[in-house]
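Coordinate analysis (summary)
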Amino acid sequence: MGEADNDDGLSWDDLQTQREAQARRSAQLSPAEREALRKLHLMHCPKCGMELSEITFRGVKVDKCFACGGVWLDDGELEELAGKPGFFEALRRLFAGA
Ligand SMILES: [Zn+2]
């Protein structure tokens, strides 16, 4: 079973189980409930609840919270950023708030 584990100690089976559980929870919501949730959370920091600012970071639009310093990426954005040269130095500056 060990070969299924990645470096973070999370196995792909665990991730798949969580994805399926979340899909089941989401499917139980009515469209109105889902829309209400989306409106409530859209462009608000999931950590501190303040409004997020959309900034362009190395050609990719990311959501940054200037209140707590959090940076939020949509699906696929981390992969897109990670493929660019100088990514880690730029990321360090982004999290430092510069
Ligand atoms: Zn925040």
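Counting from 1, residues in each chain are numbered in the order their sequence is written. It should be noted that, the model being predicted, local features are given only for residues of pLDDT at least 70 and side-chain atom pairs only at 80 or more, the latter also being counted only at that level, while totals for whole chains, interfaces and linings use all residues.

Things to note about the overall build of the chain
Filter applied, for reference: Runs of H or I in DSSP of at least four residues are treated as helices and runs of E of at least two as strands, each being numbered from the N terminus. As a rule, residues whose C-beta atom has 12 or fewer other C-beta atoms within 10 Å are exposed, those with 20 or more are buried, and those in between are partly exposed; C-beta atoms are placed from the backbone. Whether two residues are in contact depends on their C-beta atoms, placed from the backbone: they are in contact if these lie within 7 Å.
Across its full length, the chain carries four helices and three strands. Counting from the amino terminus, helix and strand elements in the chain follow one another as α-α-β-β-β-α-α. Taken over 98 residues, the chain has a buried fraction of 2%. A fraction of 12% describes how many contacts in the chain between residues 6 or more apart in sequence connect residues 24 or more apart.

Some words on the pairing of strand β1 (residues 53–57)
Two faces make up the sheet, and in a regular strand the side chains alternate between them. As a reminder of what qualifies: Only when DSSP finds a minimum of two bridges between them are two strands counted as paired.
Summarising the sheet, β1 and strand β2 (residues 60–64) pair through five bridges and their orientation is antiparallel. By the bridge assignment for β2, F57 is matched with V60. Count of turn residues in the β1/β2 antiparallel hairpin: two residues, of which R58 carries a positive phi of about 50°.

Details of the confidence of the model for the chain
Just so we agree on the cut-off: Across the chain, each position has a pLDDT score giving the predictor's confidence in that residue, from 0 to 100.
Averaged over the chain, the pLDDT score is 85; the fraction of residues at 70 or greater is 90%. Contacts from residues 1–5, a stretch scored under 50 in pLDDT, to residues over four places away or in other chains number four contacts.

Examining the sheet that holds β1
Spatial strand order, β1-β2-β3: three strands in an open sheet with antiparallel pairing. Strands at the two margins of the open sheet, each flanked by one partner only, are β1 and β3 (71–72).

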